[in-house]
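Here is how the chains run, residue by residue.
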Amino acid sequence: MPVLNRAAKALKHPVFQTVARVADQLGLETYVIGGYVRDALLERGNAKDIDFVAVGSGIELAKAVAQNLPNRPKVQIFKNYGTAMLQTQGMTLEFVGARKESYAHESRNPSVSPGSLVDDQNRRDFTINALALSCNLDNFGRLLDPFDGLTHLDQKLLITPLDPDTTFSDDPLRMLRAVRFASQLKFVIEEKTLAAIKRNAARLSIISKERIVDEVHKILASPIPSIGLSLMHQTGLMAEVFPELMALQGIEEKEGQTHKDNFWHTLEVVDNMAQYSDDLWLRWAALLHDIGKAPTKRFDQKAGWTFHGHEFVGSKMVYKLFKRLKMPLNEKMKFVQKMVAMSSRPIVIAQEVTDSAVRRLLFDAGEDLESLMTLCEADITTKNPKRFRRYHENFKRVREKVVEVEQRDHVRNFQPPISGEEIMKTFGLSPSREIGLIKEAIKEAILEGEISNDYDQAKSFMLEKAAKLGLKPLV
Ligand code: ATP
Ligand code: MG
């Protein structure tokens, strides 16, 4: 569609006419700017977040607009930032006064003064994010594009409006935003812009962890996350954010034996996962599934390269990494830890699919078994087509066996049919080592398939086991 039509379509919703009318009444030059305009021109579907910039007070404009909207929304005002926000018809409108910014070296918080539209466009991160559409009644929908953002949209290029060293040094978060947009939009970072990111990567250290993680989430959520992740690697941003992933890079050779490059393997696993699942935390699990391999790598004359215990070590590293990045240490973190810790279990089982191994897998993975199987399938990155097919077939067999065992034995989220309390009552004991032993023995017997998951069988097993320990039931 020609760009003029796209621009007109971008402002089709009646809310833009309302803003334009109110802006005219207040005598405020007003524009729609940033992500909304970019996405509309890219025909990515109309976004729900709309940014307006007024040459004057954005807060006054927001208040007056709210009065003229059918739902008379409440206006949230952020006085310190000179911004105001309101919700209407499923959209979030944000208003800000056009501003000039100047930065001190050690902070990303600029000192701000009122400015013109062009001043405001100058402080934007990329030319494609500086596109503005006029939102007054005359010139309604006219495109203001001082940096040729439209051409860059067509060329799929990310370029800073000013000298890139200035743009990135002013606010280093923009470097990670460049990578994120490249990954989300499948754009290329222009050469000089890319070179400036490499020069300024270490400046990311002044950015809050929360903002960094926000961008990483968006990279992981993009259709081909490796676009963003390899750009992070190429620019040095990866080393700032994930040194433990950098440590996976490289292939060592000893006595003619090599191991795979676990960094590039990891990126492939994340891409595979993005094909299989939209679950952000499963993508995190894919990203971190091998991080224990750097500290556990050994060379052994007989066994060659080994990574013994990397799953356990890796799951401990997940905690440290989440903590360092100030991510919540909640059930999502525990889920990622569990995935990393169990990441080799289905692989081992796939060699020989026995009932008892599958029962144990079901018992330990519980409701996360599906996710774990998906991680293992994403982990298959062999380029050998025969092996590729064989590995997938093996996991298919594990999945089939899981269904079969589960239908028969009901071991997912399984609680042994005899509780510790019942054992104590039966033998007149208080909590003790023996109770633990008997309880564990019952669980083991069920998982091993010696007895079935059934009260009567468990009870006679308990009596036998207790007798061996010299215990007699009370009655
Ligand atoms: P998305 O909403 O998909 O994350 P967006 O481009 O709308 O993308 P926002 O963070 O919503 O990103 O910001 C809106 C606009 O504000 C951007 O398009 C850009 O013009 C400007 N902007 C946001 N963050 C920065 C920044 N760190 N430096 C310069 N300009 C920025
Ligand atoms: Mg936005």
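A. Quick look at the overall build of the chain. Across its full length, the chain holds 25 helices and 15 strands. For 475 residues, the compact-globule formula gives about 23 Å, and the C-alpha radius of gyration of the chain, at 30 Å, lies well above that figure. Projected onto the principal axes, the alpha-carbon positions of the chain cover approximately 95 × 60 × 45 Å. Here the chain holds 475 residues, and 50% of them are scored as buried. Expressed as a percentage of contacts within the chain between residues at least 6 apart in sequence, the contacts between residues at least 24 apart total 66%. Looking at the chain, you have 66 positive and 63 negative side-chain charges, and the mean spots of the two groups are 1 Å apart.

B. Molecular detail of the packing of aromatic side chains. Under the criterion given, the structure shown has twelve aromatic pairs. Geometrically, the ring pair formed by Phe-126 and Phe-181 is edge-to-face, given 6.1 Å between the ring centres and 80° between the ring planes. One end of the pair, Phe-126, is in the loop between helix H5 (117–122) and strand E8 (132–134); the other, Phe-181, is in helix H8 (residues 173–185), with 55 residues separating them in the sequence. Given a relative accessible area of 0%, Phe-126 falls into the buried group. What makes Phe-181 buried here is its relative accessible area of 2%. Ring geometry for Trp-281 against Phe-322: centres 6.1 Å apart, planes inclined by 45°, an arrangement best described as tilted. Note that Trp-281 is positioned in helix H15 (residues 280–288) and Phe-322 in helix H17 (residues 310–324), a separation of 41 residues in sequence. An aromatic cluster of at least three residues, connected via ring pairs, comprises Phe-16, Tyr-36, Phe-52 and Phe-95. Lying across the ring of Trp-305, Lys-297 places its NZ or CZ 5.1 Å from the centre.

C. Local environment of the sheet that holds strand E9 (residues 143–144). Here we have seven strands laid out as an open sheet, ordered E3-E4-E5-E2-E1-E8-E9, and mixed in their pairing. What marks the edges here is a single partner per strand, and that holds for strand E3 (76–78) and E9.

D. Representation of the packing of helix H23 (residues 420–427) against helix H25 (residues 455–468) in the model. Where H23 contacts H25, the axes come no closer than 12 Å and their chain directions differ by 50°. Taken together, the axes of H23 and H25 lie oblique to each other. Classified by chirality, the crossing of H25 by H23 is right-handed. Residue-level contacts link Glu-422, Ile-423, Thr-426 and Phe-427 of H23 to Tyr-455, Lys-459, Met-462, Leu-463 and Ala-466 of H25. Taken together, the residues of the contact of H23 with H25 sort by class into six nonpolar, one polar and two charged.

E. Just the domain arrangement of the chain, in detail. Taken domain by domain, the chain comprises domain 1 (3–155), domain 2 (160–241) and domain 3 (420–468). The C-alpha-based centres of domain 1 and domain 2 are spaced at 24 Å. Counting from both sides, the interface comprises 21 residues of domain 1 and, opposite them, 21 residues of domain 2. Between domain 1 and domain 2, a total of about 1,700 Å² is buried, with carbon and sulfur atoms accounting for 58% of that surface. Looking only at domain 1, the three residues that lose the most surface to domain 2 are Arg-108, Asp-125 and Phe-126, adding up to 40% of its buried area. Taking the shortest distance from any N to any O, the salt bridge between Asp-125 and Arg-177 comes out at 2.6 Å. Viewed at the interface, domain 2 and domain 1 are joined by three residue pairs in polar contact (both at pLDDT 80 or more).

Quick notes on the rules
- Residues numbered from 1 in each chain as written.
- Chains lettered and ligands numbered in written order.
- Predicted model: local features only at pLDDT ≥ 70, side-chain atom pairs only at ≥ 80, totals over all residues.
- Heavy atoms only, no water.
- Helix = DSSP H or I, 4+ residues; strand = E, 2+ residues; numbered from the N terminus.
- Rg over C-alpha atoms; globule rule 2.2 N^0.38 Å.
- Buried < 20%, exposed > 50% of the residue type's maximum accessible area, 1.4 Å probe, protein only.
- Contact = heavy atoms within 4.5 Å.
- Lys, Arg positive; Asp, Glu negative; His and termini not counted.
- Charge placed at Lys NZ, Arg CZ, Asp CG, Glu CD.
- Phe/Tyr/Trp six-rings, centres within 6.5 Å; stacked < 30°, edge-to-face > 60°.
- Lys NZ or Arg CZ within 6 Å of the ring centre and 35° of its normal.
- Pairing = 2+ DSSP bridges.
- Axes fitted to C-alpha atoms, helices over the stretch in contact; angles between N-to-C directions.
- Parallel < 35°, antiparallel > 145°, perpendicular 65-115°, else oblique.
- Left-handed = near helix turned anticlockwise from the far one by under 90°.
- Nonpolar A, V, L, I, M, F, W, Y, C, P; charged D, E, K, R; others polar.
- Domains from an automatic or database assignment.
- Buried area = accessible area lost by both parts, 1.4 Å probe.
- Salt bridge = Lys/Arg side-chain N within 4 Å of Asp/Glu carboxyl O.
- Polar contact = N/O pair within 3.5 Å; in protein donor to acceptor, adjacent residues only side chain to side chain.

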